[in-house]
Amino acid sequence: MNDSIEQLKIWIFRHKYLFVTIAFLIIIVFLDENNMMKHIQNRREIMSLESQKSDLLEEYDVLSRKLDELNADPVYMEKIARDRYKMHKEGEEIFIFDD
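Presented here is a report on the structure given in the accompanying data block. Source: prediction; values computed, not measured.

### Some points on the pattern of salt bridges
Reasoning step 1: With the rule as written, the count across this model stands at four salt bridges.
Reasoning step 2: Salt-bridge contacts for R82 lead to E78; the nearest nitrogen and oxygen are separated by 3.0 Å. With R82 and E78 both in helix α4 (residues 74-85) and four residues apart, the pair spans about one turn of that helix.
Reasoning step 3: By relative accessible area, which is 29% here, R82 ends up partly exposed.
Reasoning step 4: Look at E78 and you get partly exposed, because its relative accessible area is 33%.
Reasoning step 5: Here R82 and E92 are joined by a salt bridge, their closest N and O atoms 2.9 Å apart. Here the residue R82 occupies a position in helix α4, and E92 occupies one in the segment after α4, the gap between them amounting to 10 residues.
Reasoning step 6: Relative accessible area serves as the criterion here: at 32%, E92 is assigned to the partly exposed category.

What follows is the structure, encoded as structure tokens:
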């Protein structure tokens, strides 16, 4: 029994760098504050946010073009104000018919 314990000690001593390397990898991958799992989650979140950013930039471009159209054409602006927002000039009456 003592012989097997001695052999185990010798085997552990010979492979001490392996144990240190495994312990280091476990700390880096799972236990560290900035571990690999958190890094992967952050990467996924960055990709998702970049996708949202590109969608919002496209929407911004569309809305900017609509705003430019409204500012350039007062007749179109008046049409939108009357149709969508039921606005009217002084002295006018609006009749709304429900179908």
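There is more to say after this.
### A few points about the environment of I12
Reasoning step 1: Looking at the secondary structure, you find I12 in helix α1 (residues 2-14).
Reasoning step 2: Separated by 38 residues in the primary sequence, I12 and E50 place their C-alpha atoms 49 Å from one another.

### Quick word on the packing of helix α3 (residues 36-72) against α4
Reasoning step 1: In the contact formed by α3 and α4, the axes pass within 5 Å of each other and the chain directions differ by 110°. Our classification of the angle between α3 and α4 gives roughly perpendicular. Of α4, the residues touching α3 (which contributes E69, L70, N71 and A72) are P74, Y76, M77 and I80.
Reasoning step 2: For the contact of α3 with α4, the residue count by class is six nonpolar, one polar and one charged.

### Side note on the side chain of N35
Reasoning step 1: Note that N35 resides in the loop between α2 (16-31) and α3.
Reasoning step 2: A polar side-chain atom of N35 sits 3.2 Å from the main-chain amide nitrogen of M37.
Reasoning step 3: Other than its neighbours up to four places away in sequence, N35 contacts I28, V29 and F30.

### Some remarks on α4
Since the α-helix packs 3.6 residues into each turn, any two residues three or four apart lie on the same face.
Reasoning step 1: If you check α4, its first and last C-alpha atoms are 16 Å apart, about what 12 residues at 1.5 Å a residue would give, namely 16 Å.
Reasoning step 2: Backbone geometry just downstream of α4 places K86 in the positive-phi region, at approximately 55°.

### Things to note about a nonpolar patch on the surface
Reasoning step 1: Together, L18, I22, I26, I27, F30, L31, M36, M37 and I40 give the surface a local cluster of nonpolar side chains, amounting to about 840 Å² of exposed area.
Reasoning step 2: Sorting the residues of the nonpolar patch by element identifies α2 and α3 as the ones contributing at least two each.
Reasoning step 3: A total of six residues in the nonpolar patch trace back to one element, the largest contributor, which is α2.
Reasoning step 4: Judged by its relative accessible area of 40%, I22 falls in the partly exposed class.

About the criteria used
Residues numbered from 1 in each chain as written. Predicted model: local features only at pLDDT ≥ 70, side-chain atom pairs only at ≥ 80, totals over all residues. Heavy atoms only, no water. Salt bridge = Lys/Arg side-chain N within 4 Å of Asp/Glu carboxyl O. Helix = DSSP H or I, 4+ residues; strand = E, 2+ residues; numbered from the N terminus. Buried < 20%, exposed > 50% of the residue type's maximum accessible area, 1.4 Å probe, protein only. Axes fitted to C-alpha atoms, helices over the stretch in contact; angles between N-to-C directions. Parallel < 35°, antiparallel > 145°, perpendicular 65-115°, else oblique. Contact = heavy atoms within 4.5 Å. Nonpolar A, V, L, I, M, F, W, Y, C, P; charged D, E, K, R; others polar. Polar contact = N/O pair within 3.5 Å; in protein donor to acceptor, adjacent residues only side chain to side chain. Expected span 1.5 Å × (residues − 1). Patch = residues over 30% accessible without salt bridge, like charges linked within 9 Å, V, L, I, M, F, W, Y side chains within 5 Å. Areas by Shrake-Rupley, 256 points an atom, 1.4 Å probe, with all protein chains shown as cover.

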